[in-house]
Amino acid sequence: METIRIKYFTDKIEKLTYIDGKSDWIDLRAAQDVDLKQGEFFLIPLGVAMELPAGYEAHVVPRSSTFKNFGIIQTNHQGVIDGSYCGDNDQWFMPVYAMRDTHISCNDRICQFRIVENQPKIHFQEVSVLEGTDRGGFGSTGKQ
């Protein structure tokens with residue numbers, strides 16, 4: 001089991017927990033009250049900084065209910081926090097855009113993260129023909 005050193009920037013949010021067997025994503029919470037008008041952008045502080053294990057990164061995405069509950073979308077659609085973002089002041093944030101007027105309370109669960117291994121070093125080999133199955137060239141259906 002990996003150990004992750006974590007710093008909390010506020011005592012107003014619940015501590016992170018990993019619930020084994022339920023999901024391998026861990027909820028993150030807004031670390032302050034936020035009021036947004038439709039069309040506004042804001043970096044919502046998540047109240048934590050972490051030292052990830054060597055060779056790992058964190059992927060941060062909205063929870064499935066975030067848009068329904070708060071009318072916000074994450075502007076980078078998926079945040080990637082690499083292992084070098086591990087300093088004492090490297091608080092995590094969720095960049096959001098409000099699709100409607102909204103209020104987010106401190107401690108509301110607004111996004112989630114998981115820790116994944118960094119991509120291995122790869123080499124691209126140029127070829128004139130690929131030998132895999134041809135699926136039609138557009139998504140999973142092959143239709144445009």
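Residues numbered from 1 in each chain as written. Predicted model: local features only at pLDDT ≥ 70, side-chain atom pairs only at ≥ 80, totals over all residues. Heavy atoms only, no water.

Draft legend 1. Layout of the sheet that holds strand β11 (residues 109-117). Taking strand neighbours across the sheet as the criterion, the four strands line up as β2-β11-β6-β8 in an open arrangement whose pairing is antiparallel. Pairing within the sheet leaves two strands with one partner each, and these edge strands are β2 (26-29) and β8 (79-81). Across the sheet, the mean angle separating the axes of adjacent strands is 30 degrees when strand polarity is ignored. Where β2 and β11 come together, four bridges link them in antiparallel fashion. Bridged to Arg 29 within β11 is Arg 109. (Pairing = 2+ DSSP bridges. Helix = DSSP H or I, 4+ residues; strand = E, 2+ residues; numbered from the N terminus. Axes fitted to C-alpha atoms, helices over the stretch in contact; angles between N-to-C directions.)

Draft legend 2. Representation of the nonpolar core in the model. Counting residues in each nonpolar core, the largest one holds 25 residues, and the members touching the most others are Leu 28, Ile 44, Ile 72, Trp 92, Ile 104, Ile 110 and Phe 113. Contributions of two or more residues to this core are made by β2, β3 (34-36), β5 (48-51), β6 (56-62), β9 (93-98) and β11. Contact partners of Phe 113, with chain neighbours within four places excluded, come to Leu 16, Asp 24, Trp 25, Ile 26, Leu 28, Met 50, Ala 58, His 59, Val 60 and Trp 92. (Core = buried A, V, L, I, M, F, W, Y, C linked by side-chain atoms within 4.5 Å. Buried < 20%, exposed > 50% of the residue type's maximum accessible area, 1.4 Å probe, protein only. Contact = heavy atoms within 4.5 Å.)

Draft legend 3. How the structure looks around the sheet that holds strand β4 (residues 41-45). The sheet built from three strands is open, its strands ordered β4-β9-β7 with antiparallel pairing. Two strands in the sheet have a free side with no partner beyond their single neighbour: β4 and β7 (72-74). Across the sheet, the mean angle from the axis of one strand to that of its neighbour is 40 degrees, orientation sign disregarded. By the bridge criterion, five bridges tie β4 to β9 in an arrangement that is antiparallel.

Draft legend 4. Here's a closer look at the layout of surface pockets. Computed from the structure, the largest pocket encloses a volume of approximately 550 Å³. Taken together, 17 residues make up the lining of the largest pocket; nearest its centre are Glu 2, Ile 4, Tyr 18, Ile 26 and Ile 115. Among the elements of the structure, β1 (5-8) and β11 are those that each provide at least two residues to the lining of the largest pocket. Among the elements that make up the lining of the largest pocket, the one with the highest residue count is β11 (three residues). Tallied by class, the residues present in the lining of the largest pocket amount to twelve nonpolar, two polar and three charged. Its boundaries defined by the atoms lining it, the second largest pocket holds a volume of some 360 Å³. Looking at the second largest pocket, it is lined by 16 residues, and the ones nearest its centre are Ile 19, Trp 25, Ile 26, Asp 27 and Arg 109. Only β2 and β11 provide two or more residues apiece to the lining of the second largest pocket. (1 Å grid on protein atoms, 1.4 Å probe; cavity = no way out; pocket = protein on both sides within 12 Å on 5 of 7 lines; lining within 4 Å. Points joined across faces, edges and corners; volume = space filled by probe spheres on them. Nonpolar A, V, L, I, M, F, W, Y, C, P; charged D, E, K, R; others polar.)

Draft legend 5. Spatial organisation of the pattern of salt bridges. Enumeration over the complete set of coordinates arrives at six salt bridges. Among the ionic pairs, Lys 7 bridges to Asp 88, the shortest N-O distance being 3.1 Å. Here Asp 88 lies in the loop between β8 and β9 and Lys 7 lies in strand β1, a separation of 81 residues in the sequence. Relative accessible area serves as the criterion here: at 29%, Lys 7 is assigned to the partly exposed category. Across the salt bridge formed by Asp 24 and Arg 114, the nearest N and O atoms sit 2.5 Å from each other. Of the two residues, Asp 24 sits in the loop between β1 and β2 while Arg 114 sits in strand β11, which places them 90 residues apart along the sequence. Among the charged side chains, a salt-bridge network with shared partners connects Asp 27, Arg 63 and Arg 109. (Salt bridge = Lys/Arg side-chain N within 4 Å of Asp/Glu carboxyl O.)

Draft legend 6. Here's a closer look at the side chain of Glu 57. Tracing the backbone through its elements, the reader meets Glu 57 in strand β6. Buried charge without a salt bridge: Glu 57, with Arg 114 as the nearest opposite-charge side chain at an N-O distance of 10 Å. Only 2.7 Å separates the side chain of Glu 57 from the side chain of His 59, close enough to count as a polar contact. Every residue in contact with Glu 57, bar those within four places of it in the chain, is listed here: Leu 52, Val 80, Ile 81, Asp 82, Arg 114, Ile 115, Val 116 and Asn 118. (Lys, Arg positive; Asp, Glu negative; His and termini not counted. Polar contact = N/O pair within 3.5 Å; in protein donor to acceptor, adjacent residues only side chain to side chain.)

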